[in-house]
Amino acid sequence: MAAAARARVAHLLRQLQRAACQCPSHSHTYSQAPGFSPSGKTTDYAFEMAVSNIRYGAGVTKEVGMDLQNMGATNVCLMTDKNLSQLPPVQTVMDSLVKNGINFKVYDNVRVEPTQRSFMEAIEFAKKGAFDAYVAVGGGSTMDTCKAANLYASSPHSEFLDYVSAPIGKGKPVTVPLKPLIAVPTTSGTGSETTGVAVFDYEHLKVKTGIASRAIKPTLGLIDPLHTRHMPDGVVANSGFDVLCHALESYTALPYHMRSPCPSSPIARPAYQGSNPISDIWAVHALRIVAKYLKRAVRNPDDVEARSNMHLASAFAGIGFGNAGVHLCHGMSYPISGLVKTYRAKDYNVDHPLVPHGLSVVLTSPAVFTFTAQMSPERHLETAGILADIRTARTPDAGPILADTLRKFLFDLDVDDGLAALGYSKADIPALVKGTLPQGAYENPDPPFLFLCLYIIPLKCGLCEALVI
Ligand SMILES: NC(=O)c1ccc[n+]([C@@H]2O[C@H](COP(=O)([O-])OP(=O)(O)OC[C@H]3O[C@@H](n4cnc5c(N)ncnc54)[C@H](O)[C@@H]3O)[C@@H](O)[C@H]2O)c1
Ligand SMILES: [Zn+2]
């Protein structure tokens, strides 16, 4: 199984080394005829919004037992991680299930930043339990693990890589019906309660990848801001950076009508379709909330207004990026977390080295947006203007202005400074780049964006150098 995945990645690398760079950020000759990509393939003409049902309110978790009763569930799987299993969010869910007479079994072995192996363990539990509904209580790690468990328990004869995104997996469309899944997010970051995405670390290649299909999105997200009061500051900050990057990346992603190929059937239209007018609204709104509340939410756990708003912002950004996709910060983050050596993040109660997802994403953001601003300077400047006062700025300076705004934001929140602080040196650049390459297809499956990532290697555009400084 690992050999097949390796062969697919090696094939992709060979193809890409032969390819000329058509990166939209750097190629001055980049142009695109309407309806066709630079490689001549037809581009898409439509986009589709898929979102879970969402219910928001302080204390709304106590309704979960009634929801399951209304769904007719009789045998429920409750998933969480070891740390959260001792905290009030899980207790509140269990109380509601007991009160409403719902039979359930607890799986609390979710790995923070899940791996293929930890997904498989959860899948085994789900298969054996023959559950008729799932409840995930936790951050992105728990919600994603639960989505995978539901998918493979509903499709018991599938191999693990069948539904994993290409090129690492086969990227098969999901056609089996899944069981209802209620997601109760306890971080304010991933927006996983709204998305059809499940991310894991593929240990064989030491990179993160995922499953992306509308079919795996939760049936219902119960967003209860009371849970955010238990979050340590470090988790608030890192999950907040994830919201920031979801919003910025989805707003600056390649537009859906420039993505190719045009799918032959609606089921083949990817979950991540490119920026589009509806996702744009959610991204910009989420960014405004981040600008107003993230620092307050980190600095004061009793600031209920700030923490509640960040919890909503996480869902807003999820609705945006869950349909538009993300790009370079996320593409490059996966080897940054996958190749972790000894780094341990403050406030994360886990027994293994860990670079939290939000931190791995945000560290490259100043370099990334300096690079991508050339493609859509107006959008980059607009986002800088939401995050800071930039009244005198000129559009051609959009990249450096957004980069400086982000650097100041991170400095104010005392973020570890650059990849060197996580234990990486220049000697790690080839491995980090190699781990980034397969992400092009997963994060934004359009060739120009793939080349954008790949451009780093053949032409040494300096982005990697920027990352380590
Ligand atoms: N599916 C998606 O759309 C999507 C999007 C972005 C990221 N992700 C993935 O999500 C994962 C990261 O998720 P995350 O940032 O939400 O955090 P997490 O689920 O990894 O949890 C981080 C830590 O915070 C603790 N924690 C969570 N909520 C808490 C609370 N209310 N009180 C006290 N402690 C709490 C957890 O126990 C854990 O130790 C990564 O694997 C990432 O790749 C998924
Ligand atoms: Zn993310």
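Residues numbered from 1 in each chain as written. Chains lettered and ligands numbered in written order. Predicted model: local features only at pLDDT ≥ 70, side-chain atom pairs only at ≥ 80, totals over all residues. Heavy atoms only, no water.

- Under an unreviewed UniProt entry, the name given to the protein chain is Hydroxyacid-oxoacid transhydrogenase, mitochondrial, and the source organism is Sus scrofa.
- The annotation that UniProt attaches to the protein chain under Subcellular location (unreviewed entry) is "Mitochondrion".
- The protein chain has a UniProt comment under Sequence similarities (unreviewed entry) that states "Belongs to the iron-containing alcohol dehydrogenase family. Hydroxyacid-oxoacid transhydrogenase subfamily." (UniProt positions renumbered as here; feature names shortened; annotations may be inferred.)

## Here we look at the overall build of the protein chain
Step number 1: Within the protein chain, the regular secondary structure consists of 18 helices and eight strands.
Step number 2: In the protein chain, buried positions account for 59% of the 469 residues.
Step number 3: Put simply, of all contacts in the protein chain between residues at least 6 apart along the chain, 78% involve residues at least 24 apart.
Step number 4: Put simply, the protein chain shows about 18400 Å² of open surface, and 55% of that area lies on carbon and sulfur atoms. (Helix = DSSP H or I, 4+ residues; strand = E, 2+ residues; numbered from the N terminus. Buried < 20%, exposed > 50% of the residue type's maximum accessible area, 1.4 Å probe, protein only. Contact = heavy atoms within 4.5 Å. Areas by Shrake-Rupley, 256 points an atom, 1.4 Å probe, with all protein chains shown as cover.)

## Regarding helix H3 (residues 88-99)
Given 3.6 residues per helical turn, the α-helix brings residues three or four places apart onto the same face.
Step number 1: In this model, H3 (twelve residues) spans 16 Å end to end at C-alpha, consistent with the 16 Å of a helix rising 1.5 Å per residue.
Step number 2: Along H3, the residues that are buried comprise Pro89, Val90, Val93, Met94, Ser96 and Leu97. For H3, the buried positions fall inside an angular range of 160 degrees around the axis, keeping them on one side. Opposite the buried face of H3, by more than 90 degrees, sit the exposed residues Val98 and Lys99. (Expected span 1.5 Å × (residues − 1). Arc of directions from axis to C-beta.)

## A few points about the site of ligand 1
Step number 1: Contacts to ligand 1 come from 30 residues, most closely from Gly140, Ser141, Thr186, Thr187 and Val197.
Step number 2: Contact between ligand 1 and Ser192: a nitrogen atom at 3.3 Å from a side-chain N or O atom of the residue.
Step number 3: A distance of 3.5 Å separates a nitrogen atom of ligand 1 from a polar backbone atom of Met231.
Step number 4: Relative to its unbound accessible surface of 870 Å², ligand 1 loses 98% to contact with the protein.
Step number 5: Breaking the shell around ligand 1 down by element, the ones donating at least two residues are helix H5 (140-154), strand S6 (197-202) and helix H6 (233-252).
Step number 6: In terms of residues, the shell around ligand 1 owes the most to one element, H5, which gives four residues.
Step number 7: Taken domain by domain, the makeup of the shell around ligand 1 includes at least three residues from each of domain 1 (53-228) and domain 2 (231-466). (Near = heavy atom within 4 Å. Polar contact = N/O pair within 3.5 Å; in protein donor to acceptor, adjacent residues only side chain to side chain. Domains from an automatic or database assignment.)

## Overview of the coordination of the zinc ion (ligand 2)
Step number 1: Within the protein, Asp242 (OD), His246 (NE2), His330 (NE2) and His357 (NE2) serve as the donor atoms for the zinc ion (ligand 2), at 2.1 to 2.2 Å.
Step number 2: Here the zinc ion (ligand 2) is ringed by four donor atoms whose angles at the metal span 86 to 166 degrees, and the overall shape comes out irregular.
Step number 3: Here the donor residues of the zinc ion (ligand 2) are spaced in sequence according to D-x3-H-x83-H-x26-H. Linking Asp242 in helix H6 with His357 in helix H10 (residues 357-362), this pair joins segments that are 115 residues apart in sequence. (Donors = N, O, S within 2.8 Å, 3.2 Å for Na, K, Ca; no water. Tetrahedral: all angles 85-135°; square planar, octahedral: opposite > 155°, others 65-115°.)

## Section: the packing of helix H7 (residues 277-299) against helix H12 (residues 377-387)
Step number 1: Orientation of H7 relative to H12, taken along the N-to-C sense of each, is 30 degrees, at an axis distance of 8 Å. In this structure, H7 uses Asp280, Val284, Leu287, Arg288 and Ala291 to contact H12, whose residues at the interface are Arg379, Glu382, Thr383, Ile386 and Leu387. (Axes fitted to C-alpha atoms, helices over the stretch in contact; angles between N-to-C directions.)

## Overview of the nonpolar core
Step number 1: Grouped together as the largest cluster of nonpolar side chains are 61 residues, with contacts concentrated most on Phe241, Leu244, Leu294 and Leu422.
Step number 2: Listing elements by their share of this core, those giving two or more residues are H6, H7, helix H8 (304-324), helix H9 (328-338), H10, helix H11 (365-372), H12 and helix H13 (398-412).
Step number 3: Among all residues touching Leu422, those that are not within four sequence positions of it are Ile336, Tyr343, Val355, Leu359 and Leu363.
Step number 4: Grouped together as the second largest cluster of nonpolar side chains are 19 residues, Leu84, Val90, Val93 and Val135 included. (Core = buried A, V, L, I, M, F, W, Y, C linked by side-chain atoms within 4.5 Å.)

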